[in-house]
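Reading the structure
Given next are the chains, with one letter for each unit.
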Amino acid sequence: MKEKLYRFMMGRYGNDQLNRFLMILVLVFFVCSVFGSGFFYLLGLACLIYVYFRMMSKNTYKRSLENNRYLQYEFKVKQFLGTWKRDMQQRKTHHIYRCPSCRQKIRIPRGKGRIEIRCPKCSQTFIKKS
């Protein structure tokens, strides 16, 4: 039986990160359909069909392009969330301002009163409360 499955899957795309994400989305939609309307069930079913379509596809080039696009979006989201988390942790001890001319982020320690800040990128000075 295992050999038949191996032979059947030969030349097919299989599973990747996008399929794993879509399967988690399917589970979320099915759980939401228990508490909500049948619309979530239909969305989950559509995602499940798409997962199996991608898995059984023999056009591996297009499927890998889709996966690469997903990985680029995932990287951007993880990078944004990491930056946001770091900024939230630093808010206890620092103010984070943006330079009015070049929009560079500048980190200033709290509790110094009104100070003149010089942008390290464009050398413009501006006054802010720390």
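Use the structure listed above.
Here we summarise the structure given alongside this text. (Residues numbered from 1 in each chain as written. Predicted model: local features only at pLDDT ≥ 70, side-chain atom pairs only at ≥ 80, totals over all residues. Heavy atoms only, no water.)

Now for the overall build of the protein. From N to C terminus, the protein includes four helices and four strands. Mapped in sequence order, the helices and strands of the protein form the string α-α-α-α-β-β-β-β. By the compact-globule yardstick of 14 Å for 130 residues, the protein is too spread out, its C-alpha radius of gyration being 25 Å. Along the first, second and third principal axes, the C-alpha set of the protein runs to 75 × 40 × 25 Å. Per-residue burial for the protein yields a buried fraction of 24% across its 130 residues. Relative to all contacts within the protein whose residues are 6 or more apart in sequence, the contacts with residues 24 or more apart total 36%. Total accessible area computed for the protein in this model is approximately 10,100 Å², and 62% of it derives from carbon and sulfur atoms. (Helix = DSSP H or I, 4+ residues; strand = E, 2+ residues; numbered from the N terminus. Rg over C-alpha atoms; globule rule 2.2 N^0.38 Å. Buried < 20%, exposed > 50% of the residue type's maximum accessible area, 1.4 Å probe, protein only. Contact = heavy atoms within 4.5 Å. Areas by Shrake-Rupley, 256 points an atom, 1.4 Å probe, with all protein chains shown as cover.)

For the rest of this paragraph, the subject is helix α3 (residues 38–56). Taking 1.5 Å of rise per residue, 19 residues should cover 27 Å, and α3 covers 27 Å from first to last C-alpha, within 8% of that figure. Elements in contact with the buried residues of α3: α1 (2–9), α2 (17–35) and α4 (60–90). (Expected span 1.5 Å × (residues − 1).)

Take the pattern of salt bridges next. Applying the stated criterion across every chain, the model contains six salt bridges. Notably, a salt bridge pairs E66 with R54, separated by 2.8 Å at the nearest N-O pair. With E66 in helix α4 and R54 in helix α3, this pair connects stretches of sequence that are 12 residues apart. On the accessibility criterion, E66 (17% relative accessible area) is buried. Taken together, the salt bridges that share partners define one network made up of D16, R54, R63 and E66. (Salt bridge = Lys/Arg side-chain N within 4 Å of Asp/Glu carboxyl O.)

Attention now moves to the environment of V28. Considering the arrangement of structural elements, one finds V28 in helix α2. Owing to a relative accessible area of 42%, V28 belongs among the partly exposed residues under this scheme. Separated by 41 residues in sequence, V28 and R69 place their C-alpha atoms 22 Å apart.

Keep in mind these values describe shape, not function.
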